[in-house]
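Chains, contacts and geometry: an overview
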Amino acid sequence: MLLDEFLRGAKGAGVKTEKVALRDLNIKHCTSCSKCFKTGRCVIKDDMRALYPKLVKADILVVTSPVAFSGIFSRPKTMIDRCQALWARRHILGKDLRGGRRNMIGVFISTGGSNSKMTFRGSIDTMTTFFNTLQRARKYRLLFGSIDKKGDIKRLKGALMSAYKLGKRITG
Ligand SMILES: Cc1cc2nc3c(=O)[nH]c(=O)nc-3n(C[C@H](O)[C@H](O)[C@H](O)COP(=O)(O)O)c2cc1C
């Protein structure tokens, strides 16, 4: 729901958007084979092949995940681990992923059942490392604790509006 509000805000600003549901994709786990260290490419043939260029080229990349065991959920984490190939491209092969693009943005949207200063700590660390690897220096976060039951986010005053406003503001 938060992502849809973000996208609604972005569309209002006239931006082309694409929503990808990782649950619809076949993404296998990184096996740490290290073959990408030589080529900057992953040898696994699955839906990551089509996703890599989107992750690299999108001016704004938004990743959403609830908190699971103090980190992000396994599905987005599996996708992120496969970006070891992009890490290798940059840090072993010395390539710039940006291809002339500047001010690339990473947005992380999350909810958690608990609400303490620890709730999002693990997820923030993962997402910061991920966006840094993708050379997304500008980062934004929308994090909401005490969200556990269906509809909680609607009851949290201003939450959905803040996602809409962020989508509008950073694309406008
Ligand atoms: C497997 C699992 C692990 C979870 N671990 C945590 C946790 O470590 N900390 C926390 O605050 N909430 C945790 N939660 C609660 C979810 O983060 C929370 O319900 C979230 O808002 C669900 O979002 P959704 O309705 O979009 O799935 C966990 C939920 C599940 C299913």
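Just so it is clear, the model here is predicted, and its values are computed rather than measured. (Residues numbered from 1 in each chain as written. Predicted model: local features only at pLDDT ≥ 70, side-chain atom pairs only at ≥ 80, totals over all residues.)

**Topic: the overall build of the chain**
Where we set the bar: Secondary structure counts use DSSP, requiring at least four H or I residues in a row for a helix and at least two E residues in a row for a strand, with both numbered from the N terminus. C-alpha atoms define the radius of gyration, and 2.2 Å times the number of residues to the power 0.38 defines the globule rule. Exposure in this text rests on C-beta crowding, where 20 or more other C-beta atoms within 10 Å of a residue's own make it buried, 12 or fewer make it exposed, and counts in between make it partly exposed. The C-beta atoms are placed from the backbone.
The secondary structure content of the chain amounts to 8 helices and 5 strands. Traced from its N-terminal end to its C-terminal end, the chain shows the element sequence α-α-α-β-β-β-α-α-β-α-β-α-α. In summary, the chain has a C-alpha radius of gyration of 16 Å against a globular reference of 16 Å for 172 residues, a match within 12%. Projecting the C-alpha coordinates of the chain onto the three principal axes gives extents of approximately 50 × 35 × 30 Å. Expressed as a percentage of the 172 residues in the chain, the buried residues total 27%.

**A word on the site of the ligand**
Defined as follows: By definition, a residue lies near a molecule or strand provided its backbone-derived C-beta atom is within 6 Å of it. The nonpolar class holds Ala, Val, Leu, Ile, Met, Phe, Trp, Tyr, Cys and Pro. Asp, Glu, Lys and Arg form the charged class, and all remaining residues, Gly among them, are polar.
Taken together, Pro66, Val67, Ala68, Phe69, Ser70, Thr111, Gly112, Gly113, Ser114, Thr119, Ile147 and Asp148 make up the full set of residues adjacent to the ligand. Tallied by class, residues from the shell around the ligand come to 5 nonpolar, 6 polar and 1 charged.

**Re helix α5 (residues 84-91)**
Selection criterion: Arc definition: directions from the helix axis to the C-beta atoms.
Among the residues of α5, Leu86, Ala88 and Arg89 are the ones counted as buried. The buried residues of α5 occupy one face: seen down the axis, they fall within an arc of 155°.

**Some points on the sheet that holds strand β1 (residues 60-64)**
Whether parallel or antiparallel, the strands of a sheet pair through hydrogen bonds between backbone atoms. Our working definition: Two strands qualify as a pair provided DSSP detects at least 2 bridges between them. Axis definition: a line fitted to C-alpha atoms, limited for helices to the stretch in contact. Angles are taken between N-to-C directions and run from 0 to 180 degrees. Two residues qualify as being in contact provided that their C-beta atoms, derived from the backbone, are within 7 Å of each other.
Taken together, the 3 strands give an open sheet; going across it, the order is β1-β4-β5, and neighbouring strands pair in parallel fashion. At either margin of the open sheet sits one strand with a lone partner, and together these are β1 and β5 (138-144). With direction set aside, neighbouring strand axes in the sheet form an average angle of 15°. Docked against the sheet, helix α1 (residues 2-12) engages β1, β4 (105-111) and β5, running at close to 160° with respect to β1.

**Points about the pairing of β5**
As a reminder of what qualifies: Handedness rule for crossovers: strands pointing away from the viewer, path from the first strand over the helix to the second running clockwise, crossover right-handed.
Where β4 and β5 come together, 7 bridges link them in parallel fashion. Residue threonine 111 lies in a different strand from β5, and its bridge partner there is phenylalanine 144. After leaving β4, the chain enters helix α6 (residues 121-133) and then returns to the sheet as β5, a path that is right-handed.

**Notes on the packing of α1 against helix α8 (residues 159-171)**
The axes of two packed helices give the description: the angle between them and the distance between them. Where we set the bar: Left-handed is the label given to a crossing in which the near helix is rotated counterclockwise from the far helix by less than a right angle, and right-handed is the label when the rotation is clockwise.
Packing of α1 against α8 brings their axes to within 7 Å, and their N-to-C directions diverge by 35°. In this structure, the crossing between α1 and α8 has a hand that is right-handed. Only Leu160, Ala163, Tyr164, Lys165, Leu166, Gly167, Lys168 and Thr171 of α8 make contact with α1, whose side of the interface consists of Leu2, Glu5, Phe6, Leu7, Arg8, Gly9, Ala10 and Gly12. Across the contact of α1 with α8, the residue classes break down as 8 nonpolar, 4 polar and 4 charged.

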